[in-house]
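Structural features, examined
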Amino acid sequence: MMMMMMMLDDDYGDDVADALKQGCSPDPEPYPCVSIFFSDVCGYTNICSTLQPQEVMDMLHRLYSRFDALAQQLRLFKGVLKGV
């Protein structure tokens, strides 16, 4: 349960995380301008077939760490869509 609470804090803003922890639905927030970025690693299956599992994890960690750093630098909110 503690891990789930930590994930909420990592994935959502404080207001949303707090509402979800209390079992409530968070209030929608209007934004005047929104961009959505979806990423796909072209050739992922072929690339992974030539790497050891730890190498795949390292590659993904480096790639998404760059996205995270850029989002933080630009003060962007990074929502996470999981399970797709």
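The structure this text deals with has already been given above.
These lines cover the structure that appears in this document, whether it is placed above or below. (Residues numbered from 1 in each chain as written. Predicted model: local features only at pLDDT ≥ 70, side-chain atom pairs only at ≥ 80, totals over all residues. Heavy atoms only, no water.)

Regarding a negative patch on the surface
Rules: For patches, a residue must show more than 30% relative accessible area and have no salt bridge; joins then use 9 Å for like charges and 5 Å for nonpolar side chains, namely Val, Leu, Ile, Met, Phe, Trp and Tyr. Surface accessibility follows the Shrake-Rupley procedure with a 1.4 Å probe radius. Residue values consider only the protein chains on display as shielding. The working definition used for a salt bridge is a side-chain nitrogen of Lys or Arg within 4 Å of a carboxyl oxygen of Asp or Glu. Charge convention: Lys and Arg are scored as positive, Asp and Glu as negative, and His as well as the terminal groups of each chain are ignored. Charged groups are reduced to one reference atom each: NZ for lysine, CZ for arginine, CG for aspartic acid, CD for glutamic acid. Secondary structure is summarised from DSSP: a helix means a run of H or I of at least four residues, a strand means a run of E of at least two, and numbering begins at the N terminus for each. Using a 1.4 Å probe on the protein chains alone, a residue whose accessible area is under 20% of its type maximum counts as buried, one over 50% counts as exposed, and one in between counts as partly exposed.
On the surface, Asp14, Asp15, Asp18, Asp27 and Glu29 cluster together to form a negatively charged patch. Among the secondary structure elements, aspartate 27 is positioned in the loop between α2 (14-21) and α3 (44-49). By relative accessible area, aspartate 27 is classed as exposed at 65%.

Some thoughts on unusual backbone geometry
For arginine 75, which is not a glycine, the phi torsion comes out positive at approximately 55 degrees. As for its position among the elements, arginine 75 is in the segment after α4 (53-73). Residue class for arginine 75 comes out exposed when judged on its relative accessible area of 78%.

Focus: a nonpolar patch on the surface
Taken together, Tyr31, Val34, Ile36 and Phe38 make up a surface patch of nonpolar side chains, about 520 Å² in accessible area. As for its position among the elements, phenylalanine 38 is in the loop between α2 and α3.

Section: the pattern of salt bridges
Considering all chains together, one arrives at 1 salt bridge under this definition. Close ionic contact of aspartate 58 with arginine 62 constitutes a salt bridge, the shortest N to O distance being 3.0 Å. In this pair, aspartate 58 and arginine 62 are both assigned in helix α4, 4 residues apart and thus about one turn of the helix distant.

Considering the packing of aromatic side chains
Describing an aromatic ring pair means giving the distance of the ring centres and the angle of the ring planes. This is how the line gets drawn: Stacked, tilted and edge-to-face are the three classes assigned to paired rings of Phe, Tyr and Trp, where Trp is represented by its six-membered ring and a pair needs centres within 6.5 Å; plane angles under 30 degrees give stacked, over 60 edge-to-face, the rest tilted.
Counted by the stated rule, this structure contains 1 aromatic pair. Taking the centre distance of 5.5 Å and the plane angle of 50 degrees together, the rings of tyrosine 64 and phenylalanine 67 count as tilted. Taken as a pair, tyrosine 64 and phenylalanine 67 lie in helix α4 at a separation of 3 residues, close to a single helical turn. We classify tyrosine 64 as partly exposed; its relative accessible area is 33%. Judged by its relative accessible area of 31%, phenylalanine 67 is partly exposed.

Read these as spatial facts, not as claims about activity.
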